[in-house]
Amino acid sequence: MKVLNLAGVAPSTVFSHVPLANALRNAGHQVMTTASVDELLGTIAGVGLSAVRTTDPDRSPQQVIADSGLTRVPEDPVEREVMAGRWYAHMEYVTLDALRAFSRDWRPDVIVSGVTSYAGPLLAAHLGVPYVRHAWDIHDPRLMDEGAVDQLSEPLKELGLDGLPEPAMTIEIAPPSLRPQDAPPVQPMRWIPGNSQSVVEPWMYKKGAGTRIGVTIGTGVASYNQYDFLQGVVEQIATLDAEVVVAVTEDAVPELRDRLKNVRTGWIPMDVVAPTCDVLVHQTGGSTMMTGLTFGVPQVLIPDTRMYRAADMARRLAETGAAVVLSPEEATSEVIAKTCEEIVANPSFSAAAGKLAAEIAALPSPHEVAQRIERLVDARK
């Protein structure tokens, strides 16, 4: 069986495809993976998957969006979420010709497509093969789908469709209790971290006898000059007599190590460090959130409230009692430190996080889901 993975727009979305892709490969199937951002080809290859280029390496995602005319950024979070669907749909649509050309040389039997990889259902309809929609985190994409359908109205008409093709299977990785009550039936799958790895040092996987707090604010520390904010957070948390570890990209390491002499920092695989932490502090990254949930770690979430997706995921997790949400305005370094202290002192947070971890562990494994995809494809022959 030949499987084409459409892995999306960010390293975290690539990482989410790794467990199932490996399960399919381990079952003897051929798997190819592509993304709608050219810079991700190295990430795909770095996690051991075969990477196929379908994008123009000379055009950045920003240029692709600018050329589309979709440059308006709504202030309202819901409107912005719908507009995000239009952005992703356009970014995917411009890869469709390359995907069709690739499929003439290497025709897939099934397409596994991330939630915003809207080229997946279009290519599947063109080829007449089943498509599987693969969730990346706990986010509900229905608002983005509205924008995507509007943006892709003409290509859909050409295929005789008035909406996105229905997937033959929808893989959901959220713990069942975190799914919206009105969500449609799905194929659940246990979420397993698939992030990039490195040579690990003992401090990454071993903590001292006291409290350990993990801090990460994504991949933009250097790009957006967030050193002062991160330094303030870490220095305040350190007043709690807690060990602090800071996960950042390599470009941010030299300055942070110079600023934070006694703090462990570097490119730390999240699946290595998360199990050692008593609390994770981050800006509501889906992959970081899911890693924390997998290991039953309570979280302090600082979502960008202008982004419906981040705010919605943070709210839903906080409602379970496994996290505390702080707005960017509330999230001063002093407040973050005080919140971490409260979470460590109150066992209800770790109990709620542990309950979600147990839900995740009870879901079907990627191996089981790979077998169900096999049966799905066999039934279509």
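Being a predicted model, the structure only gives us computed values, none of them experimental. (Residues numbered from 1 in each chain as written. Predicted model: local features only at pLDDT ≥ 70, side-chain atom pairs only at ≥ 80, totals over all residues. Heavy atoms only, no water.)

Student: Looking at this structure, how should I read the overall build of the protein?
Tutor: A count of helical and extended segments in the protein gives 17 helices and 12 strands. Its C-alpha atoms give the protein a radius of gyration of 21 Å, within 12% of the compact-globule value 21 Å for 381 residues. Once the C-alpha set of the protein is aligned to its principal axes, its extents read approximately 60 × 45 × 40 Å. As presented, the protein carries roughly 16,600 Å² of accessible surface, and 50% of it is formed by carbon and sulfur atoms. Within the protein, one finds 32 positive and 47 negative side-chain charges whose respective centroids are separated by 6 Å. (Helix = DSSP H or I, 4+ residues; strand = E, 2+ residues; numbered from the N terminus. Rg over C-alpha atoms; globule rule 2.2 N^0.38 Å. Areas by Shrake-Rupley, 256 points an atom, 1.4 Å probe, with all protein chains shown as cover. Lys, Arg positive; Asp, Glu negative; His and termini not counted. Charge placed at Lys NZ, Arg CZ, Asp CG, Glu CD.)

Student: Can you help me understand the nonpolar core in this one?
Tutor: Nonpolar side chains in soluble globular proteins tend to end up buried together. By size, the foremost hydrophobic cluster in this structure holds 78 residues, and its most contacted members are Leu20, Ile171, Leu317 and Ile373. When residues of this core are assigned to their parent elements, the largest contribution, seven residues, is made by helix α1 (residues 11–26). Beyond its immediate sequence surroundings of up to four residues, Ile171 is in contact with Leu20, Val132, Arg133, His134, Ala135, Gln187, Met189, Val369 and Ile373. (Core = buried A, V, L, I, M, F, W, Y, C linked by side-chain atoms within 4.5 Å. Buried < 20%, exposed > 50% of the residue type's maximum accessible area, 1.4 Å probe, protein only. Contact = heavy atoms within 4.5 Å.)

Student: Please explain the sheet that holds strand β7 (residues 212–215) as it appears in this structure.
Tutor: Each strand in a sheet pairs with its neighbour through backbone hydrogen bonds, running either in the same direction (parallel) or in the opposite one (antiparallel). Ordered by their spatial adjacency, six strands build an open sheet running β9-β8-β7-β10-β11-β12, and the pairing between neighbours is parallel. Each having just a single partner strand, β9 (264–266) and β12 (323–325) make up the two edges of the open sheet. Adjacent strand axes in the sheet meet at a mean angle of 15 degrees when their direction is disregarded. Its contacts with the sheet put helix α13 (residues 286–294) on β10 (279–282) and β11 (299–301), and the angle it makes with β11 is roughly 160 degrees. (Pairing = 2+ DSSP bridges. Axes fitted to C-alpha atoms, helices over the stretch in contact; angles between N-to-C directions.)

Student: I keep staring at α1 and nothing clicks. Help me out?
Tutor: Note that an α-helix has 3.6 residues per turn; residues three or four places apart therefore point the same way. With 16 residues, α1 should cover 22 Å at 1.5 Å per step; its first-to-last C-alpha distance of 23 Å lies within 8% of that length. Just beyond α1, the residue with positive phi is Gly28, at close to 100 degrees. (Expected span 1.5 Å × (residues − 1).)

Student: Would you take a moment to explain the pattern of salt bridges for this structure?
Tutor: For side chains of opposite charge, pairing can occur when their charged atoms come near one another. Evaluation of the coordinates by the stated rule reveals 16 salt bridges. Here Asp137 and Arg309 are joined by a salt bridge, their closest N and O atoms 2.1 Å apart. Of the two residues, Asp137 sits in the loop between β4 (131–134) and α7 (142–151) while Arg309 sits in helix α14 (residues 308–319), which places them 172 residues apart along the sequence. Looking at Asp137, the relative accessible area reads 6%, which means it is buried. On the basis of relative accessibility, which here comes to 28%, the residue Arg309 falls in the partly exposed class. Note that Asp312 is salt-bridged to Arg315, the shortest N-O span being 2.6 Å. Linking Asp312 with Arg315, this pair stays in helix α14, spanning three residues, or about one helical turn. (Salt bridge = Lys/Arg side-chain N within 4 Å of Asp/Glu carboxyl O.)

Student: Looking at this structure, I do not really get the side chain of Thr284. What am I missing?
Tutor: When you line up the elements, Thr284 lands in the loop between β10 and α13. Among all residues touching Thr284, those that are not within four sequence positions of it are Met289, Leu301, Ile302, Pro303, Ala310, Met313 and Ala314.

Student: How do you make sense of unusual backbone geometry when you look at a structure like this?
Tutor: Residues apart from glycine generally show negative phi values, whereas peptide bonds are mostly found in trans. Positive phi is not limited to glycine here, since Asp241 has a value of about 60 degrees. Positive phi outside glycine occurs at Thr284, with the angle close to 70 degrees. According to the relative accessible area criterion, Thr284 is buried, its value standing at 2%.

Student: Would you mind going over the layout of surface pockets with me for this structure?
Tutor: Picture a little ball the size of a water molecule; that probe, rolled over the atoms, points out where space is still empty. In this model, the second largest pocket occupies a volume close to 520 Å³. Residue assignment for the lining of the second largest pocket shows that the elements contributing at least two residues are β4, α7 and β5 (169–172). The residue makeup of the lining of the second largest pocket, split by class, is 16 nonpolar, four polar and eight charged. (1 Å grid on protein atoms, 1.4 Å probe; cavity = no way out; pocket = protein on both sides within 12 Å on 5 of 7 lines; lining within 4 Å. Points joined across faces, edges and corners; volume = space filled by probe spheres on them. Nonpolar A, V, L, I, M, F, W, Y, C, P; charged D, E, K, R; others polar.)

Worth remembering: the numbers are spatial, not functional.
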